[in-house]
Amino acid sequence: MQERVKIVLKSGKEQSLRRFHPWVFSGAIKKTYGEPVEGDLVDVYDNKNEFLAVGHYQPSSIAVRVLSFKQETPDIDFFREKIKQAINYRRAVGIIDNPQIDVFRLIHGEGDGLPGLIVDFYNGVAVMQMHSIGFYRIRQEIASILAELLDNRITAVYDKSEGTIPHMSSIKATNEFLVGNSGPVIVTENGYKFKIDWTTGQKTGFFIDQRENRKLLEKYTEGKTVLNMFGYTGGFSVYAMKNANLVHTVDSSFPAIELANENVKLNYGEDKRHEAFQLDAFDYMNHIKDQYDLIILDPPAFAKHNDVLANALQGYKRLNIKAIEQIRPGGIIFTFSCSQVVTRENFRKSVFAAAANTGRNVRILHQMSQPSDHPVNIYHPESEYLKGLVIYVE
Ligand code: SAH
């Protein structure tokens, strides 16, 4: 076997790895012995030549994504074992073999000890997104392991890494089936139906992470007039439709509007209580004074990097000001942030600043997070990316 490249960290920079944080930043590296290429397995040592970890190398800000803190070789058997653990975990927490759910995240990167790998499961079809060349190189092997371990549950594995492998990479990914083949499928989430088309949809096709928050919403919709802002596939709209008087879905993208309409129809047939509009959220919210009892704000990530954090927080504040200002007295707002760099505390401060700006009385009813198939690795706080508040506005 070829000797692995050795990376030695600057003194003091080993601390986070000793606490099992799975990233090595390029600035922490003192010396590299050898010339690793993107995707190679590399060994990481501290300044006193003690072994720390082995992981995938990437010439970028996150230089190494750690796969193991033991001196071992992450080979195919290693990955099979990790994927097996991810499946066992989801079985233990009631996600797999649940008749109400056949759409879930099967592998959640760092949350499952596999940084760089995302796999979503859609009623028999696994959709993979690789965020590192290390995983991209072994995509076929990973697909075969998924097919083997999920056995009779799986009809196809699709790789959708074109948009997710690192920008600077010399490798160009193509989206393709690696196992089997399948057109769009209908999935079941808490008993509701959704059509999933991973080839045209955003991310892997669906925002699976909102499953429990949609269920929570259902409780508050009886007889209500609901605005689902940033509605995409109409996930929240479909749940709201169960009991609401009227549901409006707003999204700036036309394909999203079509999908939302299609999914409402799939569950309720032609139903005049629902309408979807292709509009800009910020514009629309200027003109809705006292029109809605319940507003959902689930915008795209406003900040992808720390250097734009301040702008993002302003964005959340502006958006929430509008909703808090315009909602009917006694109204409820489900407000979210899915930006990884925005902490729970920062997000809450933005909503607080928004409320203070309006002067209305605001109570927090619930604090929301991501479901158990998007596990948070306790050593990697960044895996907790979805946070939300349910607020009551007097
Ligand atoms: N709530 C959705 C996910 C929302 S994803 C769900 O549960 O599945 C964010 C959505 O916001 C995308 O569909 C995107 O098209 C839309 N969007 C982005 N900017 C927007 C804007 N300025 N106004 C309205 N919609 C916008």
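This is a predicted model, so every value here is computed, not measured.

1. Things to note about the overall build of the chain
Along its length, the chain carries 10 helices and 20 strands. If one aligns the C-alpha atoms of the chain with their principal axes, the spans along those axes are about 65 × 45 × 35 Å. When each of the 394 residues of the chain is scored for burial, the buried share is 55%. A separation threshold of at least 6 residues defines the contact pool for the chain, and within that pool the share at least 24 residues apart is 65%. Approximately 17400 Å² of the chain is accessible, and the part contributed by carbon and sulfur atoms is 49%. Seen as two clouds, the 46 positive and the 47 negative side-chain charges of the chain have centres 5 Å apart.

2. Notes on the site of the ligand
In the vicinity of the ligand, 16 residues are found, and the nearest of them are R214, D251, D280, A281 and D298. Between the ligand and A281, the relevant distance is 2.8 Å, taken from a nitrogen atom to a main-chain nitrogen or oxygen of the residue.

3. Re the nonpolar core
Core analysis: the largest hydrophobic core is formed by 36 residues, its most contacted members being Y122, F194, I196, W198, L294, I296 and F334. At the level of secondary structure, the elements contributing two or more residues to this core comprise β9 (125-130), β10 (156-159), β12 (185-189), β13 (192-196), α5 (211-218), α6 (235-240), β17 (294-297) and β18 (331-337). Among the elements that line this core, the one with the most residues is α6, at 4 residues. Filtering out sequence-adjacent residues up to four positions away, F334 remains in contact with N213, L216, L217, Y220, L294, I295, I296, L297, M368, L389 and V390.

4. Quick word on the packing of aromatic side chains
For the coordinates displayed, the defined rule picks out 17 aromatic pairs. Centre to centre, the rings of F236 and F336 are 5.6 Å apart; their planes meet at 35 degrees, and the pair counts as tilted. In this pair, F236 is assigned in helix α6 and F336 in strand β18, connecting sequence segments 100 residues apart. By relative accessible area, which is 4% here, F236 ends up buried. Owing to a relative accessible area of 1%, F336 belongs among the buried residues under this scheme. Taking 5.6 Å as the distance between ring centres and 85 degrees as the angle between the ring planes, the aromatic pair formed by Y316 and F347 counts as edge-to-face. With Y316 in helix α9 (residues 309-326) and F347 in helix α10 (residues 344-358), this residue pair connects regions lying 31 residues apart in the sequence. Here the aromatic residues Y122, Y158, F177 and W198 are joined through ring pairs into a cluster of three or more. Lying across the ring of Y136, R139 places its NZ or CZ 3.9 Å from the centre.

5. Concerning the pattern of salt bridges
Applying the stated criterion across every chain yields a total of 21 salt bridges. Residue R137 is joined to D40 by a salt bridge in which the shortest nitrogen-to-oxygen separation is 2.9 Å. Placement of the pair is R137 in helix α3 (residues 133-137) and D40 in the loop between β3 (29-33) and β4 (41-45), with a sequence separation of 97 residues. Its salt-bridge partner being E148, residue R80 comes within 3.1 Å of it at the nearest N-O pair. Placement of the pair is R80 in helix α2 (residues 76-92) and E148 in helix α4 (residues 139-150), with a sequence separation of 68 residues. Its relative accessible area of 21% is what places R80 among the partly exposed residues. Through salt bridges with shared partners, a single ionic network connects R18, D46 and E50.

Criteria and cut-off values
- Residues numbered from 1 in each chain as written.
- Predicted model: local features only at pLDDT ≥ 70, side-chain atom pairs only at ≥ 80, totals over all residues.
- Heavy atoms only, no water.
- Helix = DSSP H or I, 4+ residues; strand = E, 2+ residues; numbered from the N terminus.
- Buried < 20%, exposed > 50% of the residue type's maximum accessible area, 1.4 Å probe, protein only.
- Contact = heavy atoms within 4.5 Å.
- Areas by Shrake-Rupley, 256 points an atom, 1.4 Å probe, with all protein chains shown as cover.
- Lys, Arg positive; Asp, Glu negative; His and termini not counted.
- Charge placed at Lys NZ, Arg CZ, Asp CG, Glu CD.
- Near = heavy atom within 4 Å.
- Polar contact = N/O pair within 3.5 Å; in protein donor to acceptor, adjacent residues only side chain to side chain.
- Core = buried A, V, L, I, M, F, W, Y, C linked by side-chain atoms within 4.5 Å.
- Phe/Tyr/Trp six-rings, centres within 6.5 Å; stacked < 30°, edge-to-face > 60°.
- Lys NZ or Arg CZ within 6 Å of the ring centre and 35° of its normal.
- Salt bridge = Lys/Arg side-chain N within 4 Å of Asp/Glu carboxyl O.

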